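Close look at the chain arrangement
Given next are the chains, with one letter for each unit.
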Protein chains: 2
Amino acid sequence: MDEQAHPIPRVRTIADLARLAGVSPGTVSRALAGKSLVNAETRDRIQALATEHSFRPNQMASRLRTQRTGVVGVVVPLGHERRQHLSDPFFMTMLGFLADRLTEDGYDLMLSRVIPDATDWLERIVDSGMMDGVLLIGQSDQFHSIERVARRYRPLVAWGSSNLPGQVHCAIGTDNIAGGRLAGERLIARGARRIAFLGELRAPEIRQRCEGVAQALATAGIAHPPIQLDTHLASDVMEQEIAAHLERVGGDIDGIAAASDVIAVTTLRVLADRGIRVPHDMPVVGYDDLPIAVSAVPRITTVRQDIARGANEMVSALFRRIAGEDAPSVVMPPILVERDSA
Amino acid sequence: MDEQAHPIPRVRTIADLARLAGVSPGTVSRALAGKSLVNAETRDRIQALATEHSFRPNQMASRLRTQRTGVVGVVVPLGHERRQHLSDPFFMTMLGFLADRLTEDGYDLMLSRVIPDATDWLERIVDSGMMDGVLLIGQSDQFHSIERVARRYRPLVAWGSSNLPGQVHCAIGTDNIAGGRLAGERLIARGARRIAFLGELRAPEIRQRCEGVAQALATAGIAHPPIQLDTHLASDVMEQEIAAHLERVGGDIDGIAAASDVIAVTTLRVLADRGIRVPHDMPVVGYDDLPIAVSAVPRITTVRQDIARGANEMVSALFRRIAGEDAPSVVMPPILVERDSA
DNA sequence: CGATTTATTGCAATCGATTGCTGATGCCGG
DNA sequence: CCGGCATCAGCAATCGATTGCAATAAATCG
């Protein structure tokens, strides 16, 4: 174990190594890149020397020269929901899959949690010259900013809706209207007639889910549209918020469609506190199918979004776009997962 | 709205801008940096020109020159628990706070999810020249790798235990032995005598928690040490694993200490399935105090780690170390949060 | 054996921003 | 009217790796 003591001159640059090997920096560069232009012997010798001195080329320099950063930006825009924390399980699950896939493909992941107060928040990110492409987890209420940038910056892919009026930016997502419809139909099948929708509508995905619930009600010939109740994702206020909502409209509703599983879990909690039994007294349907949906008591019936596949589609689309090809939006079908809460 | 059409020559470099402004690149650089060495007028003129052409200096070049990247690496080592997904709520909660704090201080966050198969996984990261410092979320079973690097690379701070034999690396964490003791004492107070510890021991934090439980039992004069049952964090197998454990030792135990809230939630789920009532038939104590602990039914009694504070301490320590100062390890006291599950 | 490939390596420019130093200008007091 | 000083701008080197092109040596062929 002599690792700790490389006594004096640490090998920091390719030039240091070149001096040691008695060759020119250029040769070292080529040798380390494994190019065939250098003699196999010298290449091996240099590589051995490199590992011996645990030399690692400076990425900044390399990236400056090659104009390729090997970094993908993953951005979470919190336009509405400023208080929402990055620990939102949906974001995180998505982020986990993205990280897995990007790592596999040799990319690094730069994470930005942005509160879009300046209008050029996205420009700042894409023009920093720091990343080869950008993934947006959610569109929030920033449709116009995203459009503006997407028009000139190709390697940009968002998670969310792809059928918004005038949209040109590439988005991967599930059909939220269909998903809302599934939730609504399930609740109706369970006997619900007056459905509350817990979630706030500034993000297009959520708005579409609510719309889907409304469609289901209309199709079933039920006159009452869903009662929409703003519910914010900041975990510290969500419980009180839901409690207040139920206090207010409690008697008027007989079914709950939650905009996400996180909301559904909290709703279960609030209902349990008031002795309202799920699904018997009040069926509840979630959205997303996160791991918590299975751990909850009762297990949550929910509309599944295939997040793993979504992450893969996003990365694939991004890589195509980085390579200069085109990549269209993708709409995946949601699936109703029938469990115990409705 | 003429934003879309800067017809021909986009202003990409500081030299472009200099030409436009009729000054030298050096002056532009100083002007954009807001230095006082340039005339106030020219400075304003240049800055105006810069915004007009929405010019953003190339970060790669800047960082290469200044040797300061403005990036902090956040690394999640998955040494044991290869199957553990990045979406583990503890990691994510921590990551969220770290992201908030780092963003506030103008740093970018580069996320790496590492499976340490090569022994030099950490060297690869710190020597890449890509970041000013590195935060490790958890030590996993990589004590030696971390020590080796920490001995020569100062701006490195880990979350975890700081009292491991021979440890020199800076770690921020809670007193896991004390935490385990709190959990054990609570269970004992609830009448438990034969306690199961759900969690696997390769990570030092977890090992210490189990040890704390053992201490509590010993102190109370109970002869039976905790029955330790490996429980892995991969969400898809955890439930079956716990179910199998309970199947096997079910009758022999009368209290459960879970190594984390995630495990506790799943345990609740499994117990509910078999009609075992919590806390009446089987008290359960969690660890961490994540948001899910409050949403669970029943609400989980758990040992709280102040993750927000932990994240802050980590970042503060890291900044001190980046600045060349020293920063010692920090041990925070855990707190028992009494709720309904025990 | 001389001419021409071929295999390696070196040289030097380049990526784009930053910054120490020098030079030019203008203002001041003596 | 001149030396001295402050202010401002430009020049050119620098960060460290990469790469097109030139140069050298060795090998091949007629």
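This report concerns the structure included in the present document. (Residues numbered from 1 in each chain as written. Chains lettered and ligands numbered in written order. Predicted model: local features only at pLDDT ≥ 70, side-chain atom pairs only at ≥ 80, totals over all residues. Heavy atoms only, no water.)

1. Re the relation of the copies chain B and chain A
- Expressed as a screw transformation, the operator carrying chain B onto chain A has a rotation angle of 180° and an axial translation of 0.1 Å, and the superposed copies differ by an RMSD of 0.1 Å. Both copies of the chain, as the preceding transformation shows, are related through a two-fold rotation axis. Nearest to the rotation axis, the C-alpha of Met110 of chain B is located 2.1 Å from it, this being the minimum over chain B.
- Most of the interface of chain B is mirrored in chain A, where 100% of its interface residues are also at the interface. (Least-squares fit on C-alpha atoms with pLDDT ≥ 70 in both. Contact = heavy atoms within 4.5 Å.)

2. Focus: helix α7 (residues 143-150) of chain A
Residues and elements named next belong to chain A.
- Within α7, 6 of the 8 residues are buried, leaving the element largely enclosed by the surrounding structure.
- Those residues of α7 that sit buried are Phe143, Ser145, Ile146, Glu147, Val149 and Ala150.
- In this fold, the buried residues of α7 make contact with α6 (121-126), β3 (133-136) and β4 (156-159). (Buried < 20%, exposed > 50% of the residue type's maximum accessible area, 1.4 Å probe, protein only. Helix = DSSP H or I, 4+ residues; strand = E, 2+ residues; numbered from the N terminus.)

3. Quick look at helix α8 (residues 176-189) of chain B
Residue and element names in this part refer to chain B.
- Taking 1.5 Å per residue, 14 residues should reach 20 Å; α8 reaches 20 Å between its end C-alpha atoms and fits that length.
- The element α8 is largely enclosed, with a buried count of 10 among its 14 residues.
- Every buried residue belonging to α8 is among Asn176, Ile177, Ala178, Gly179, Gly180, Ala183, Gly184, Arg186, Leu187 and Ile188, and all of these are buried.
- Where α8 begins, the capping side chain belongs to Asp175, and its oxygen is found 3.1 Å from the backbone nitrogen of Ile177.
- Looking one or two residues beyond α8, the residue adopting positive phi is Gly191, at roughly 95°. (Expected span 1.5 Å × (residues − 1). Polar contact = N/O pair within 3.5 Å; in protein donor to acceptor, adjacent residues only side chain to side chain.)

4. Structural notes on the pairing of strand β9 (residues 284-288) of chain A
All names here are of chain A.
- β9 sits mainly inside the fold: 5 of its 5 residues count as buried.
- Across 2 bridges, the pairing between strand β8 (residues 255-258) and β9 is parallel. Note that in β9 the partner of Ile256 across the bridge is Val284.
- Considered for its hand, the β-α-β crossover made up of β8, helix α11 (residues 261-273) and β9 is right-handed.
- Here β9 runs beside strand β10 (residues 301-304); their pairing, made up of 4 bridges, is parallel. Note that in β10 the partner of Gly286 across the bridge is Thr302. (Pairing = 2+ DSSP bridges. Right-handed = clockwise from strand over helix to strand, strands pointing away.)

5. Things to note about the interface of chain B and chain A
- Opposite the 52 residues of chain B that make contact, chain A presents 52 residues.
- Taken together, both faces of the contact between chain B and chain A bury some 4300 Å²; the carbon and sulfur share is 58%.
- Considering only the side of chain B, the residues that lose the most area to chain A are Arg56, Met60 and Arg269 of chain B, jointly responsible for 17% of the buried surface there.
- Where chain B packs against chain A, one counts 12 salt bridges.
- Run the count over chain B and chain A and you get 13 residue pairs in polar contact (both at pLDDT 80 or more).
- Broken down by secondary-structure element, the contributors of at least two residues to the side of chain B that touches chain A are α4 (59-66), α5 (89-104), β2 (108-114), α6 (121-126), α10 (235-249), α11 (261-273) and α12 (291-295) of chain B.
- Examining the composition of the side of chain B that touches chain A, we find that 8 residues originate from one element, α5 of chain B, more than from any other.
- Within the side of chain B that touches chain A, the residues separate by chemical class into 22 nonpolar, 14 polar and 16 charged.
- Relative to β2 of chain B, strand β2 (residues 108-114) of chain A runs antiparallel, the two being bridged by 3 bridges. What sits directly across from Leu109 of chain A, in β2 of chain B, is Leu111 of chain B. (Buried area = accessible area lost by both parts, 1.4 Å probe. Salt bridge = Lys/Arg side-chain N within 4 Å of Asp/Glu carboxyl O. Nonpolar A, V, L, I, M, F, W, Y, C, P; charged D, E, K, R; others polar.)

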